[in-house]
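# Tertiary structure, described
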Amino acid sequence: MLGLGNSLVSSSSIPFHPSDISGLVANFNSSVGITLSSTYVTRWADTTGSYLLVPEDTPLRPTWTSSRGVVFTGNVDVAVADRLELQNAAEDAASITLDTSSSGFCIIVQYASDDWDDGKYILGNHGASEAHSLNHRASSNSFDFTIRDTTKNFALNDPASLTDADYYSIVFNSDNSGATKLFINNTQQSDTETFGNIDFIMNQVGATDNENALTGNVKNIILYDKELSTAELAQIETYLKVFR
């Protein structure tokens, strides 16, 4: 086993870290916390020490490279499709709940899709009676964000479309009423949607309910239990530029 416990990016090149902003729930950075068997990911620890992402079984392991991050192959056969499951620090199955009613929440995912039009999922939930997920909609320049079986579609306008294999910082920032804004590389999109007072629950990365597995690469997943300010979003974008 190879453990990548130290950052592959010089700390002197990073002006701040996500923990400098209050309300951090989890921070998965593909430059740290990765444990490998050969090139296969066996665990991905978040920097807070609270959570792990692990493959459900050996055939379901994504790979890792220093340049691409965590690599998901998106096999159409769900029996072998790459995906990662959430655990707590005690290595028990876990879920993260982002409570809208308290202070809102912010979801940040930095990833590249081999085909943005394939409709595959970056975040999801399985083993629950209600659907929670995030994906770029198939053959549409937009994202679908689903919370408790309610799906809102967020159209892109700047950029109007995403380029295959390019990394983007995708941010969903929600206030305590459920009013949610989408940012692409810290540029707010015109389309704003409101969910109301419902909470987002996730426990899977690279698929949802073990299906629609991602074909692409993931570098960062950052979750906050509050709405981020304009200044805080700018800090996050400056941080994430180092990894693009």
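Before reading on, note that the structure itself is shown above.
Everything quoted here is computed from the prediction, not taken from an experiment.

## What to know about the overall build of the protein
A count of helices and strands for the protein gives two helices and 20 strands. Computed over the C-alpha atoms, the radius of gyration of the protein is 16 Å, within 12% of the 18 Å expected from 2.2 N^0.38 for a compact globule of 244 residues. Overall size of the protein, expressed as C-alpha extent along the three principal axes, is 45 × 45 × 35 Å. By the burial criterion, 51% of the 244 residues in the protein qualify as buried. Looking at the protein alone, contacts between residues at least 24 apart form 65% of all its contacts between residues at least 6 apart. For the protein, the exposed area adds up to about 9800 Å²; of that, 42% sits on carbon and sulfur atoms. In the protein, which carries 13 positive and 30 negative side-chain charges, the distance between the mean positions of the two groups comes to 4 Å.

## Comments concerning the environment of His132
Looking at the secondary structure, you find His132 in the loop between β11 (121-124) and β12 (133-136). Distance in space between the C-alpha atoms of His132 and Asp144 is 10 Å, their sequence separation being twelve residues. Residues in contact with His132, not counting those within four places in the same chain, are Leu123, Gly124, Asn125, Thr146, Ile147, Arg148, Asp199, Phe200, Ile201 and Thr208. Within the local environment of His132, its side chain forms a polar contact with the backbone nitrogen of Ile201, the two atoms lying 3.2 Å apart.

## Some points on the environment of Ile122
Mapped onto the fold, Ile122 is located in strand β11. Ile122 has contacts with Val109, Tyr111, Leu134, Gln204, Val205, Gly206, Ala207, Leu214 and Val218, leaving out every residue within four places of it along the chain.

## Section: the pattern of salt bridges
Counting across every chain of the model gives seven salt bridges. The shortest N-O distance in the salt bridge between Asp144 and Arg137 comes to 3.0 Å. Lys226 serves as the salt-bridge partner of Glu232, at 3.0 Å between the closest nitrogen and oxygen. Take Glu232: its relative accessible area is 16%, and that puts it in the buried class. Residue Lys226 is classed as buried on the basis of its relative accessible area, which comes to 16%. Residues joined in a network through salt bridges with shared partners are Glu56, Arg83 and Glu85.

## Details of the packing of aromatic side chains
Evaluation of the coordinates by the stated rule reveals twelve aromatic pairs. With 6.3 Å between their ring centres and 75° between their planes, Phe143 and Phe172 make a pair best called edge-to-face. With Phe143 in strand β13 (residues 142-147) and Phe172 in strand β15 (residues 168-174), the pair connects residues that are 29 residues apart, well separated along the chain. Given the relative accessible area of 0%, Phe143 is considered buried. Taken together through their ring pairs, the aromatic side chains of Phe105, Tyr111, Trp116, Phe143, Phe145, Phe154, Tyr168, Phe172, Phe195 and Phe200 make up a single cluster.

## Considering the pairing of β11
The pairing of β11 with β12 spans two bridges and is antiparallel. When the sheet's bridge partners are listed, Tyr121 is paired in β12 with Asn135.

## Observations regarding the nonpolar core
What tends to happen in soluble globular proteins is that the nonpolar side chains get buried as a cluster. Among the nonpolar cores identified, the biggest contains 45 residues, and Ile107, Phe143 and Phe145 are the most heavily contacted of them. In contact with Phe145, other than residues within four places in its own chain, are Phe105, Ile107, Ser133, Leu134, Thr150, Thr151, Lys152, Phe154, Phe172, Thr180, Phe195 and Phe200. Grouped together as the second largest cluster of nonpolar side chains are 14 residues, Ile21, Val171, Leu228 and Tyr239 included.

## Quick notes on helix α2 (residues 230-241)
In an α-helix, one turn spans 3.6 residues, which is why side chains three or four residues apart end up on the same side. For α2, spanning twelve residues, the distance from its first C-alpha to its last is 17 Å, which sits close to the expected 16 Å at 1.5 Å a residue. Listed in full, the buried residues belonging to α2 are Glu232, Leu233, Ile236, Glu237, Tyr239 and Leu240. Across the axial projection of α2, the buried residues extend over an arc of 160°, all falling on one side. Seen from the buried face of α2, the exposed residues on the opposite side, beyond 90 degrees, are Thr230, Ala231 and Lys241. Considering only its buried residues, α2 is in contact with β2 (24-29), β10 (105-113), β15, β16 (179-184) and β20 (215-224).

## Focus on unusual backbone geometry
Look at the link from Asp158 to Pro159: it is a cis peptide, with omega at 5°. Within the element layout of this structure, Pro159 appears in the loop between β14 (150-155) and β15. Phi is positive for Ala165, close to 75°, though the residue is something other than glycine. On the accessibility criterion, Ala165 (46% relative accessible area) is partly exposed. Despite not being glycine, Asn212 has its phi angle at roughly 55°, a positive value.

## Topic: the side chain of Thr180
Tracing the backbone shows Thr180 in strand β16. There is a polar contact of 2.9 Å between the side chain of Thr180 and the backbone oxygen of Gly178. With near-sequence residues (within four places) excluded, Thr180 lies in contact with Phe145, Phe154, Phe172, Asn173, Ser174, Thr192, Glu193 and Phe195.

Cut-off values and rules
Residues numbered from 1 in each chain as written. Predicted model: local features only at pLDDT ≥ 70, side-chain atom pairs only at ≥ 80, totals over all residues. Heavy atoms only, no water. Helix = DSSP H or I, 4+ residues; strand = E, 2+ residues; numbered from the N terminus. Rg over C-alpha atoms; globule rule 2.2 N^0.38 Å. Buried < 20%, exposed > 50% of the residue type's maximum accessible area, 1.4 Å probe, protein only. Contact = heavy atoms within 4.5 Å. Areas by Shrake-Rupley, 256 points an atom, 1.4 Å probe, with all protein chains shown as cover. Lys, Arg positive; Asp, Glu negative; His and termini not counted. Charge placed at Lys NZ, Arg CZ, Asp CG, Glu CD. Polar contact = N/O pair within 3.5 Å; in protein donor to acceptor, adjacent residues only side chain to side chain. Salt bridge = Lys/Arg side-chain N within 4 Å of Asp/Glu carboxyl O. Phe/Tyr/Trp six-rings, centres within 6.5 Å; stacked < 30°, edge-to-face > 60°. Pairing = 2+ DSSP bridges. Core = buried A, V, L, I, M, F, W, Y, C linked by side-chain atoms within 4.5 Å. Expected span 1.5 Å × (residues − 1). Arc of directions from axis to C-beta.

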